[in-house]
Amino acid sequence: MERPTWHEYFMEITNLVAQRSTCRRRSVGAVLVKDKRILATGYNGAPSGLPHCLDVGCLREQNDIPSGQRHELCRGLHAEQNVIIQAARHGIPIQGATLYCTTRPCSICAKMIINASISAVYYGEGYADELSDQMLDDAAIQLIRWSSPEGGKR
């Protein structure tokens, strides 16, 4: 049996974290890592204590809002936002950490990633947001599309 590389290992964990998502449209998972240690995890969904979209419906679907537009019209937080918030809530320093995420960050998440001083982002699926790409590039944050050696998710 061959052991997974560190990148394979952390990307597989993002897929497991994404299974906790309460979003009806897309399940996303994120993991913050530093020195090969997991600092925090996050998935997309409603803030703690509020009704989940799975239970009350999707505000974006109800208003025919296309993916990638009007991010503020959503009950949920993105996985990248939640993983940064979880680290802050528990007093975990994340400067210089690497973010692993099932989906490429949007521009709102990119701004948080930049201000949190995260050094690199590995992601699985694409998400078209040119502003996000430009800001991460301007901030010299590595953005790496991850594809497992098998050509996709295991």
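Residues numbered from 1 in each chain as written. Predicted model: local features only at pLDDT ≥ 70, side-chain atom pairs only at ≥ 80, totals over all residues. Heavy atoms only, no water.

Student: Explain the overall build of the chain to me, please; I cannot follow it from the model alone.
Tutor: Of the regular secondary structure elements, the chain holds six helices and five strands. The order of helices and strands in the chain, counted from the N terminus, is α-β-β-α-α-α-β-α-β-α-β. Against the compact-globule benchmark of 15 Å for 154 residues, the chain has a radius of gyration of 15 Å, which places it among compact chains. In terms of overall dimensions, the chain has C-alpha extents of about 45 × 40 × 30 Å along its principal axes. Relative to its full complement of 154 residues, the chain shows a buried share of 41%. Considering only residue pairs separated by 6 or more positions, the chain has 55% of its internal contacts joining residues 24 or more positions apart. Carbon and sulfur atoms provide 49% of the accessible area of the chain, an area that totals close to 8900 Å². A distance of 6 Å separates the average location of the 17 positive side-chain charges in the chain from that of its 16 negative side-chain charges. (Helix = DSSP H or I, 4+ residues; strand = E, 2+ residues; numbered from the N terminus. Rg over C-alpha atoms; globule rule 2.2 N^0.38 Å. Buried < 20%, exposed > 50% of the residue type's maximum accessible area, 1.4 Å probe, protein only. Contact = heavy atoms within 4.5 Å. Areas by Shrake-Rupley, 256 points an atom, 1.4 Å probe, with all protein chains shown as cover. Lys, Arg positive; Asp, Glu negative; His and termini not counted. Charge placed at Lys NZ, Arg CZ, Asp CG, Glu CD.)

Student: Please clarify how the pairing of strand 2 (residues 37–43) should be interpreted in this entry.
Tutor: Looking along a regular strand, one sees side chains alternate from face to face of the sheet. Note: strand 1 (residues 29–34) against strand 2, six bridges, orientation antiparallel. Bridge pairing in strand 2 links V33 to I38. (Pairing = 2+ DSSP bridges.)

Student: Where do I start with unusual backbone geometry in this structure?
Tutor: Where the residue is not glycine, phi is negative for most of them; where a peptide bond is considered, it is trans in most cases. With a phi angle near 50 degrees, D64 is a residue other than glycine that sits in the positive phi range. By the secondary structure assignment, D64 is in the loop between helix 3 (59–62) and helix 4 (79–89). Judged by relative accessible area, which is 68%, D64 ranks as exposed. In the Ramachandran plot, S117 falls in the positive-phi region, its phi being about 60 degrees despite a non-glycine side chain. What makes S117 partly exposed here is its relative accessible area of 33%.

Student: I keep staring at the pattern of salt bridges and nothing clicks. Help me out?
Tutor: The final tally for this structure, using the stated rule, is two salt bridges. As a salt-bridge pair, R24 and E61 come within 3.7 Å of each other at their nearest N and O atoms. Of this pair, R24 sits in the loop between helix 1 (6–18) and strand 1 while E61 sits in helix 3, and the two are 37 residues apart along the sequence. Between D133 and R104 there is a salt bridge, with its nearest N and O atoms 2.9 Å apart. Of this pair, D133 sits in helix 6 (residues 130–138) while R104 sits in the loop between strand 3 (98–103) and helix 5 (107–115), and the two are 29 residues apart along the sequence. With a relative accessible area of 26%, D133 lands in the partly exposed category. (Salt bridge = Lys/Arg side-chain N within 4 Å of Asp/Glu carboxyl O.)

Student: Got a minute to help me understand the packing of helix 4 against helix 5 in this structure?
Tutor: When two helices pack together, their arrangement is given by the angle between the helix axes and by the axis-to-axis distance. Close contact between helix 4 and helix 5 brings their axes to 9 Å; oriented N to C, the two are set at 25 degrees. It follows that helix 4 is roughly parallel to helix 5 by the angle criterion. Relative to helix 5, helix 4 is oriented so that their crossing is left-handed. Facing helix 4, whose interface residues are E80, Q81 and I84, helix 5 presents I108, C109, M112 and I113. The class makeup of the residues in the contact of helix 4 with helix 5 is five nonpolar, one polar and one charged. (Axes fitted to C-alpha atoms, helices over the stretch in contact; angles between N-to-C directions. Parallel < 35°, antiparallel > 145°, perpendicular 65-115°, else oblique. Left-handed = near helix turned anticlockwise from the far one by under 90°. Nonpolar A, V, L, I, M, F, W, Y, C, P; charged D, E, K, R; others polar.)

Student: How do you make sense of the pairing of strand 3 when you look at a structure like this?
Tutor: With six of six residues buried, strand 3 is to be regarded as a mostly interior element. Note: strand 1 against strand 3, four bridges, orientation antiparallel. Within the sheet, the bridge partner assigned to L32 lies in strand 3 and is L99. Sheet topology note: the strand 3/strand 4 (residues 120–125) ladder contains five bridges and is parallel. Each residue of the ladder has a partner; that of T103, found in strand 4, is E125. Crossover connection from strand 3 via helix 5 to parallel strand 4: handedness right-handed. (Right-handed = clockwise from strand over helix to strand, strands pointing away.)

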